[in-house]
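Each chain is listed here by its residues.
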Amino acid sequence: MQQAGLGHVAQSWVGNGANQPVSPQQLQSVLGESQVRNMAGQAGMAPQDFLSQLSEHLPCAVDGMTSNGRLPDEGTVSV
């Protein structure tokens, strides 16, 4: 996210303030077409549907895993 100029967006998810949104197009740019196709295929979804769902849920998921603005300890996150 940082390399794509979206570090401030990702940081908002980790921090204690409001979560900034990320668009499906921004995620496409960050992940790249090949990675998106791969992840969408694993999820059994069309790439655009996958990106739409990811853009909707990723900010809240990261926010929920980073209580008090801290990354979780290694090995403590389960999906």
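Scroll up for the structure.
Residues numbered from 1 in each chain as written. Predicted model: local features only at pLDDT ≥ 70, side-chain atom pairs only at ≥ 80, totals over all residues. Heavy atoms only, no water.

Chemist: Sorry if this is basic, but what is going on with the overall build of the protein here?
Modeler: The number of helices and strands found in the protein is four helices and zero strands. Reading the helices (α) and strands (β) of the protein from amino to carboxyl end gives α-α-α-α. Burial status across the protein gives 23% buried among its 79 residues. Nonlocal contacts in the protein, meaning residues at least 24 apart in sequence, comprise 46% of its contacts between residues at least 6 apart. When the accessible surface of the protein is summed, it comes to about 5400 Å², and 50% of that surface belongs to carbon and sulfur atoms. (Helix = DSSP H or I, 4+ residues; strand = E, 2+ residues; numbered from the N terminus. Buried < 20%, exposed > 50% of the residue type's maximum accessible area, 1.4 Å probe, protein only. Contact = heavy atoms within 4.5 Å. Areas by Shrake-Rupley, 256 points an atom, 1.4 Å probe, with all protein chains shown as cover.)

Chemist: Where do I start with the nonpolar core in this structure?
Modeler: Nonpolar side chains in soluble globular proteins generally cluster together in the buried interior. In terms of nonpolar packing, the biggest core is built from 12 residues, these being L6, V9, A10, W13, V14, V22, L27, V36, A40, F50, L51 and V62. At four residues, the largest contribution of residues to this core is made by helix α1 (residues 7-14). (Core = buried A, V, L, I, M, F, W, Y, C linked by side-chain atoms within 4.5 Å.)

Chemist: Explanation requested: the packing of helix α3 (residues 33-43) against helix α4 (residues 47-65) in the structure shown.
Modeler: Two measures define how a pair of helices packs: the angle their axes make with one another and the distance between the axes. Between α3 and α4, the shortest axis-to-axis distance is 9 Å and the interhelical angle comes to 90°. Judged on the interaxial angle alone, α4 and α3 are roughly perpendicular. Across from V36, R37, M39, A40 and A43 in α3, the residues of α4 making contact are P47, F50 and L51. (Axes fitted to C-alpha atoms, helices over the stretch in contact; angles between N-to-C directions. Parallel < 35°, antiparallel > 145°, perpendicular 65-115°, else oblique.)

Chemist: Explain the pattern of salt bridges to me, please; I cannot follow it from the model alone.
Modeler: Applying the stated rule across the entire model yields one salt bridge. Measuring nitrogen to oxygen at the nearest pair gives 2.8 Å for the salt bridge that ties R37 to E33. Taken together, the positions of R37 and E33, both in helix α3 and four residues apart, correspond to about one turn of that helix. For R37, a relative accessible area of 46% gives the class partly exposed. (Salt bridge = Lys/Arg side-chain N within 4 Å of Asp/Glu carboxyl O.)

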